[in-house]
Amino acid sequence: EGTEGFSLLTGWTPDNKIGALLATKLEMSLYTLPAKGGQAAMILHGTHALQPRWSKDGNQIFYVTAPEEGENRMFRLSLATVSASGGEGKSLPVISNKIPVNQWSFQSGNRISPDGKWIISAAWTPADLSDELMAITSKIWKIAIDGSEAIQITNQQGSFADGSPCWSPDGKKIAFV
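Residues numbered from 1 in each chain as written. Predicted model: local features only at pLDDT ≥ 70, side-chain atom pairs only at ≥ 80, totals over all residues. Heavy atoms only, no water.

## With respect to the pattern of salt bridges
Then comes step 1: One pass over the full model with this rule turns up one salt bridge.
Then comes step 2: In this structure, D15 engages K17 in a salt bridge whose closest nitrogen and oxygen atoms are separated by 4.0 Å. For the residue pair D15 and K17, the accessibility class agrees, reading exposed in each case. (Salt bridge = Lys/Arg side-chain N within 4 Å of Asp/Glu carboxyl O. Buried < 20%, exposed > 50% of the residue type's maximum accessible area, 1.4 Å probe, protein only.)

What follows is the structure, encoded as structure tokens:
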């Protein structure tokens, strides 16, 4: 009880118990650091900020985060943004045809298009839950930078987990795994 994170098993103890490394409180922050070195600046604190990406103009940082409350928080990840100079993060509720588009904690990509108008991401909707495979598949999505529009790009049927998308330099093609 009170455990937020489980890191690893340490093995069996001499009295036949299992040892584990647990964290009672996980804290994450997002920092910037000048490329030439110097003082780091905290941009965001108190939230999971995964896969941070700079906006094209350098004024915003987009990231993947979990909702503050509710069950299975780390399963229901979404895109969010924060000012590059710091402040409160703002969730981008991405909806397609009244269906939430959820992010992966890793391998989503979340790359900003060369024109700065779109984010390309590996994501999933409730339709991607597979009882047969007992897994979630993912598709590649093109998401408006403000979260107002989401367009599914890939639609391969079966146990595919499309991931790690990135834009070509001219923005006309998308490579992904």
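Now that the structure is up, let's keep going.
## Section: the nonpolar core
Then comes step 1: If you look at the biggest cluster of nonpolar residues, it comprises 15 residues, and the most contacted ones within it are L79, V94, V101, I119, W141, I143 and A150.
Then comes step 2: For this core, the secondary structure elements donating two or more residues are strand 6 (60-65), strand 13 (118-124) and strand 16 (139-144).
Then comes step 3: Leaving out residues up to four positions away in the same chain, I143 has contacts with L79, V94, Q103, K117, W118, I119, S121, E149 and A150.
Then comes step 4: Counting nine residues, the second-largest nonpolar core is a separate cluster that includes L44, A49, A80 and A84. (Core = buried A, V, L, I, M, F, W, Y, C linked by side-chain atoms within 4.5 Å. Helix = DSSP H or I, 4+ residues; strand = E, 2+ residues; numbered from the N terminus. Contact = heavy atoms within 4.5 Å.)

## Some words on the sheet that holds strand 8 (residues 90-92)
Two modes of strand pairing occur in sheets, parallel and antiparallel, and in both the strands are linked by backbone hydrogen bonds.
Then comes step 1: Spatial strand order, 5-6-7-8: four strands in an open sheet with antiparallel pairing. Taken across any chain shown, the strands that pair with only one partner, and hence form the sheet edges, are strand 5 (50-54) and strand 8. Adjacent strand axes in the sheet meet at a mean angle of 30 degrees, parallel and antiparallel pairs treated alike.
Then comes step 2: Bridge analysis of strand 5 against strand 6 gives three bridges, and the strand direction is antiparallel. By the bridge assignment for strand 6, W54 is matched with I61. (Pairing = 2+ DSSP bridges. Axes fitted to C-alpha atoms, helices over the stretch in contact; angles between N-to-C directions.)

## A closer look at the layout of surface pockets
Then comes step 1: Quantified by volume, the largest pocket comes out at close to 360 Å³.
Then comes step 2: T65, A66, P67, S78 and S91 are, among the 24 residues lining the largest pocket, the residues nearest its centre.
Then comes step 3: Going through the elements one at a time, strand 4 (41-45), strand 6, strand 7 (78-83) and strand 8 are the ones with two or more residues in the lining of the largest pocket.
Then comes step 4: Tallied by class, residues from the lining of the largest pocket come to 11 nonpolar, nine polar and four charged. (1 Å grid on protein atoms, 1.4 Å probe; cavity = no way out; pocket = protein on both sides within 12 Å on 5 of 7 lines; lining within 4 Å. Points joined across faces, edges and corners; volume = space filled by probe spheres on them. Nonpolar A, V, L, I, M, F, W, Y, C, P; charged D, E, K, R; others polar.)

## Concerning the side chain of T32
Then comes step 1: The residue T32 is located in strand 3 (residues 29-32) in this model.
Then comes step 2: For T32, a relative accessible area of 18% corresponds to the buried category.
Then comes step 3: Beyond its immediate sequence surroundings of up to four residues, T32 is in contact with Q39, A40, A41, I43, W54 and I61.

## Some thoughts on the pairing of strand 6
Then comes step 1: Of all six residues making up strand 6, five are buried, and the element is well covered by its neighbours.
Then comes step 2: In terms of strand pairing, strand 6 meets strand 7 through six bridges, oriented antiparallel. Considered in strand 7, the bridge of Y63 is made with A80.

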